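Coordinate inspection notes
For reference, the chains in residue letters:
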Amino acid sequence: MTDGRPAIDLRSDTVTRPSPGMRAAIAAAEVGDDVLGDDPTVDRLQRRTANLLGQEAAVFVPSGSMANQIALLLHCRPGDEVIVGEGAHMAFHEAGAASAIAGVQLEMVGAGQHGMFRGVDIAAAVKPESRLAPPTRLVCVENTHNRGGGNVWSRDDLTDVVNTCRGRGLALHLDGARLMNAAVASGSPPRELAAGFDTVAFAFSKGLGAPVGSVIAGRAADMDRAARLRKMLGGGMRQSGILAAAALWALDHNVDRIKDDHDNARFLAGRLAEIPGVRVDLARVATNIVMADLAPALPPAAELVARLHAHGVRVLAFGPRRIRFVTHLDVDRAACEEAADRIAIVLSGTL
Ligand SMILES: Cc1ncc(COP(=O)(O)O)c(C=O)c1O
């Protein structure tokens, strides 16, 4: 709250609050004990999501970070190398878990490609077999790419990466925390975007607006192991049907409206680009994330974030001179217009 006005929260699509309909679904959920394998609502969500992603089975986990950790533990052994794109969530935002828990080394490829890469980048990065080099085991694709600015992988690039991994015997994991955004933006169903991947992580707590939860999906045998790994990581949940009910409600009610978030992001990007000293690459605004770069005449991102907060707009710094804005179901077009007005006043006042 600022000057009596509610803050407009554009920090992330994770800040959404469960709607009355979702809360009603939570309250009505049939539950069991999911660690013992008999929560019917979790079962329903797992089956439905496996089907959505074109995979044999899925396991409901507390977070996207845990889904990614389970993928690393499924595919790799300590000392193995994992190829990721520049700015990968696993490398920047998972508290060092890839090295601390799975014990793997992350090799970033595709410099300057906003988190994307091609088969040639993989081929160049794979270590030759030797007693000295870490064995390259796994490639991770992030779609949409968070630090890349919410960009969506093209079908051609996905096919190229899938074929390269097949040809070289590398496992392939999809960090699809925002795969539904990619599906809506590209018009390709999630199962098409997930085709050829060994495992897929998919989140309900981002653009879909559920309070908690992701799944990891893949082959049935791998998902049996995934359930064990989830327990090992402390992610076994008991009456988690109340969370799965929110995720199921989100799949029923919050998919089609994701397009509004993308339209609002484009609107916001256009308004930001009009502010002197702010650079936004409008051609690269593909989903619900907008990255704005600040000219040297403007204060650093951290200072502007604090000033914006004081004026009722919450955002995150994504670098010393970069601010990230994320649209979601709790900010409609009017809120985006109001945010754009407040941002313009604050930033113009600093020049
Ligand atoms: C691309 C991507 N992967 C994984 C995650 C991790 O999700 P969680 O916050 O549920 O651990 C996020 C979270 O923002 C993300 O953006």
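Predicted model only: the values in this text are computed from it and were never measured.

Digging into the sheet that holds strand β5 (residues 136–142)
The strand order across the open sheet formed by 7 strands is β2-β8-β7-β6-β5-β3-β4, and the pairing between neighbours is mixed. For this open sheet the edge positions go to β2 (57–61) and β4 (105–109), each flanked by a neighbour on one side alone. Adjacent strand axes in the sheet meet at a mean angle of 20°, parallel and antiparallel pairs treated alike. Across the face of the sheet, helix α10 (residues 220–232) comes into contact with β2, β7 (199–203) and β8 (214–218) while running at roughly 15° to β2.

Observations regarding the pairing of β5
Burial analysis of β5 places 6 of its 7 residues in the buried class, the great majority of the element. Of the strand pairs in this sheet, strand β3 (residues 81–85) and β5 are connected by 3 bridges, and their pairing is parallel. Counted as the bridge partner of Val82 is Leu138 from β5. Two strands pair when backbone bridges link them, and β5 and strand β6 (residues 171–176) are joined in this way by 5 bridges, in the parallel orientation. Residue pairing across strands places Leu138 opposite Ala171, the latter belonging to β6.

Description of the domain arrangement of the chain
One can read the domain layout of the chain as domain 1 (8–15 + 257–348) and domain 2 (31–253). Between domain 1 and domain 2, the residue contacts involve 15 residues of the former and 16 residues of the latter. If you list the elements that add at least two residues to the side of domain 1 that touches domain 2, you get α12 (258–273) and β10 (289–294). Per-element tally for the side of domain 1 that touches domain 2: the top contributor is α12, with 4 residues. When its residues are assigned to classes, the side of domain 1 that touches domain 2 shows 6 nonpolar, 5 polar and 4 charged.

Focus: the sheet that holds strand β9 (residues 278–279)
Spatial ordering of the open sheet is given by β9-β10-β13-β12, a layout of 4 strands whose pairing is antiparallel. With one partner strand each, in any of the chains shown, β9 and β12 (316–317) form the two edges of the open sheet. Alignment of β10 against strand β13 (residues 322–326), held across 5 bridges, turns out to be antiparallel. Along β13, the bridge assignment pairs Ile289 with Val326. In the packing of α12 onto the sheet, the strands contacted are β9, β10 and β13, and the crossing angle to β10 comes to about 10°.

Topic: the nonpolar core
Ranked by internal contacts, the top residues of the largest apolar core, which has 111 residues, are Ile70, Ile216 and Val290. For this core, the element with the most residues is helix α11 (residues 241–253), which contributes 9 residues. There are two domains that each give this core at least three residues, and those are domain 1 (8–15 + 257–348) and domain 2 (31–253). Val290 has contacts with Ala265, Leu268, Ala269, Leu272, Val280, Val285 and Phe325, leaving out every residue within four places of it along the chain.

Quick notes on the site of the ligand
Lining the immediate environment of the ligand, one finds Ser63, Gly64, Ser65, Asn68, His89, Glu142, Asn146, Asp175, Ala177, Ala203, Ser205 and Ser214. Ranked by residue count, the leading element in the shell around the ligand is helix α3 (residues 64–75), at 3 residues. Across the shell around the ligand, the residue classes tally to 2 nonpolar, 8 polar and 2 charged.

Here we look at the packing of α3 against α10
At their nearest, the axes of α3 and α10 sit 10 Å apart, and the two run at 120° to each other. It follows that α3 is oblique to α10 by the angle criterion. For α3 against α10, the interelement crossing comes out right-handed. The segment α3 lies against α10, with Met66, Ile70, Leu73 and Leu74 engaging Asp222, Arg225, Ala226, Leu229 and Arg230. For the contact of α3 with α10, a count of residues per class yields 6 nonpolar, no polar and 3 charged.

Focus: the packing of α12 against helix α14 (residues 333–348)
Where α12 contacts α14, the axes come no closer than 10 Å and their chain directions differ by 20°. Classified by the angle between their axes, α12 and α14 sit roughly parallel to one another. In this structure, the crossing between α12 and α14 has a hand that is right-handed. For the pair formed by α12 and α14, the contact residues are Asn264, Phe267, Leu268, Arg271 and Leu272 on the first element and Arg333, Cys336, Ala339, Ala340 and Ile343 on the second. Broken down by class, the residue content of the contact of α12 with α14 amounts to 7 nonpolar, 1 polar and 2 charged.

Some points on the environment of Ala265
Here Ala265 shows up in helix α12. In this structure Ala265 comes out as buried when scored by C-beta crowding, with 25 C-beta atoms within 10 Å. Residues in contact with Ala265, not counting those within four places in the same chain, are Val285, Thr287, Asn288, Ile289, Val290 and Thr327.

A closer look at α11
With 13 residues, α11 extends 18 Å between its outermost C-alpha atoms, agreeing within 8% with the 18 Å of an ideal straight helix rising 1.5 Å per residue. Of all the 13 residues making up α11, 10 are buried; the element is thus mostly covered by neighbouring parts of the structure. Residues of α11 that are buried include every one of Gly241, Ile242, Leu243, Ala244, Ala245, Ala246, Ala247, Leu248, Trp249 and Ala250, and no others. In this structure, the buried side of α11 is in contact with α1 (20–28), α2 (40–52) and β2.

Rules of the game
- Residues take numbers from 1 onward in each chain, read along the sequence in its written order.
- Where local features are concerned, this predicted model is filtered to residues with pLDDT of at least 70; where side-chain atom pairs are given and counted, the filter is 80 or more; whole-chain, interface and lining totals use all residues.
- Two strands are counted as paired when DSSP detects at least two bridges linking them.
- Under the DSSP-based scheme used, a helix requires at least four consecutive residues in state H or I and a strand at least two consecutive residues in state E, with every element numbered from the N terminus.
- The convention used is that axes are lines fitted to C-alpha atoms, helices contributing only their stretch in contact, and that angles between N-to-C directions extend from 0 to 180 degrees.
- It is the C-beta atoms, placed from the backbone, that decide contacts: two residues are in contact if theirs lie within 7 Å.
- In this scheme every C-beta is placed from the backbone, and a residue whose C-beta has 20 or more other C-beta atoms within 10 Å is buried, one with 12 or fewer is exposed, and one in between is partly exposed.
- For the domain bounds, the source is a domain assignment made automatically or taken from a database.
- Residues are grouped as follows: nonpolar covers Ala, Val, Leu, Ile, Met, Phe, Trp, Tyr, Cys and Pro; charged covers Asp, Glu, Lys and Arg; every other residue, Gly included, is treated as polar.
- The term nonpolar core refers to a group of buried residues, namely Ala, Val, Leu, Ile, Met, Phe, Trp, Tyr and Cys, whose C-beta atoms join them within 7 Å.
- Each residue receives a C-beta atom built from its backbone; the residue is near a molecule or strand if that atom lies within 6 Å of it.
- Oblique is the label for every angle not falling under 35 degrees (roughly parallel), over 145 degrees (roughly antiparallel), or within 65 to 115 degrees (roughly perpendicular).
- Two helices cross in a left-handed way if the nearer one is turned anticlockwise from the farther one by less than a right angle. They cross in a right-handed way if the turn is clockwise.
- To estimate the expected span of a helix, subtract one from its residue number and multiply by 1.5 Å.

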